[in-house]
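Secondary and tertiary structure notes
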Amino acid sequence: MKKTIRDINVSGKRVIVRCDFNVPLNEEGEITDDIRITSALPTINYLIEQNAAVILISHLGRPKGKANPKFSLRPVADRLSSLLKQEIIFNSVDEVVNEEVREISANLKPGQIMLLENVRFRKEETENDPNFSKELANLADVYVNDAFGTAHRAHSSTTGIAEFIPAVSGFLIEKEIEFLGNAVENPERPLLAIMGGAKVGDKIPVIENLLEKVDSLIIGGGMSYTFLKAQGYEVGLSILDEEKIELAKHLLDQAREKGVTLLLPVDILAAKEFSNDAETSVFDIKDFPNDWMGLDIGDKTREIFKNEIIKARTIIWNGPVGVFEMPKFSNGTRSIAEALAESDGVTIIGGGDSAAAVRQFGLSEKMTHISTGGGASLEFLEGKTLPGVSVLQDK
Ligand code: ADP
Ligand code: MG
């Protein structure tokens, strides 16, 4: 168990908080979704209530180690200010930390909030350079990591800084570890995992780890065709990872050995081309034609998956089961989301696109926990320790 801000005295201290303010921006530089900002508010509010002076740090996009106004955190400062109804001190400083920033932070009063510029304006950030880590650490007395989305990266602002000042977790990381951790390590059973998405390669380590834990596993979406092929079915023009077919066979064998129920699609909604306007048809997997591509699960599969979801007490879902971005191929993913929403078991969503799908269907409130970290939640589900978590003090 890691210490949180509740476990230490932050009153009167200067607290530097690594947040994940990596929000999506449109062409005009406006924030299109502020869930990552609102997710950080419980930690910030708590620190303010405790009379801490708060210094916030984050990355945004990929400025590749150079200052670039396109990736400035100014829009985040503005949004934070209106959400908290409080002034946010923000100077767009190319070096992130300079003399002026040092002076402001030294004079920061309890209850005041300062946001630094995008830490990735400095190339030392992703290199985890101790000099930059120290520059950040010198601004404060205590470090709080609350950026679950980057906890799988060992950067200056996520791990390096913890070498220099006491480090604890914020409420967001605490919540992520609690929900994801319990779902995998201590779930109410049966435990079902639903895996989907485009690329098998990305998700194989997750499947390997989850096979050790789950009672049943559903595989849908783009990655299912590699498994179907491994079972000897033809998949036409559907996305297929030829190199992973052998590995898929091995995973199917492993599931059998471990007594894990493994469900794959039995019918496929296919199209002539990758387009929402394409001609579509549903095929049984036994007779999938060679000039069509699978873009969603069929009706029979939806029923089978739904019945498995109803039986489960804990469900971990990662990866849409179809090209949900196109309305014609969104019904499979929608039916999974709806079945999860109706479940009275614990429902955990990990993965950026899965979370986006749930939001698109307006079902976010019905889920037990939607992870804010795409890559980080995947690494967690792989059973890896996240560097941004392991540097924090133990209880
Ligand atoms: P997550 O972000 O939840 O981990 P992924 O990034 O692995 O999910 O995969 C999401 C993508 O997978 C979506 O863009 C979706 O369109 C795509 N996808 C799902 N099913 C298919 C399919 N049958 N063919 C091609 N792409 C698919
Ligand atoms: Mg994704």
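Residues numbered from 1 in each chain as written. Chains lettered and ligands numbered in written order. Predicted model: local features only at pLDDT ≥ 70, side-chain atom pairs only at ≥ 80, totals over all residues. Heavy atoms only, no water.

1. Remarks on the domain arrangement of the chain
According to the domain assignment, the chain consists of domain 1 (5–174) and domain 2 (187–381). One C-alpha centre belongs to domain 1, the other to domain 2; they are set 36 Å apart. Summed over both partners, the interface of domain 1 with domain 2 buries about 690 Å², with 59% contributed by carbon and sulfur atoms. Our enumeration of links across domain 1 and domain 2 arrives at 1 salt bridge. A salt bridge links Asp-33 to Arg-359; the nearest nitrogen and oxygen atoms lie 2.5 Å apart. If you look at where domain 1 meets domain 2, you find 2 residue pairs in polar contact (both at pLDDT 80 or more). The dominant element in the side of domain 1 that touches domain 2, judged by the number of residues it contributes, is helix α1 (residues 35–49), at 3 residues. (Domains from an automatic or database assignment. Buried area = accessible area lost by both parts, 1.4 Å probe. Salt bridge = Lys/Arg side-chain N within 4 Å of Asp/Glu carboxyl O. Polar contact = N/O pair within 3.5 Å; in protein donor to acceptor, adjacent residues only side chain to side chain. Helix = DSSP H or I, 4+ residues; strand = E, 2+ residues; numbered from the N terminus.)

2. Notes on the pattern of salt bridges
Here the idea is simple: oppositely charged side chains can pair when their charged atoms come close. In total, this model carries 26 salt bridges according to the counting rule given. Ionic pairing is found between Glu-99 and Arg-102, a salt bridge with its closest N-O pair at 3.4 Å. You can see Glu-99 and its partner Arg-102 sitting in helix α3 (residues 99–106), 3 residues apart, about one turn around the helix. Where Glu-303 meets Lys-306, a salt bridge forms, and the shortest distance between an N and an O atom there is 3.9 Å. Of this pair, Glu-303 and Lys-306 are both found in helix α10 (residues 299–311), 3 residues apart, which corresponds to roughly one turn of the helix. With a relative accessible area of 42%, Glu-303 lands in the partly exposed category. Connected via shared salt-bridge partners are Arg-122, Glu-124 and Glu-135. (Buried < 20%, exposed > 50% of the residue type's maximum accessible area, 1.4 Å probe, protein only.)

3. Examining the sheet that holds strand β10 (residues 267–271)
In spatial order, the strands read β11-β10-β12; together these 3 strands make up an open sheet with antiparallel pairing. Because the sheet does not close on itself, it has two edges, and the strands there are β11 (280–284) and β12 (293–297). Taking the axes of each pair of neighbouring strands and ignoring which way they run, one obtains an average angle of 40° across the sheet. Direction of pairing for β10 relative to β11: antiparallel, over a ladder of 5 bridges. For Leu-269, the partnering residue across the bridge sits in β11 and is Val-282. On the sheet, α10 packs against β10, β11 and β12 and is oriented at approximately 40° with respect to β12. (Pairing = 2+ DSSP bridges. Axes fitted to C-alpha atoms, helices over the stretch in contact; angles between N-to-C directions. Contact = heavy atoms within 4.5 Å.)

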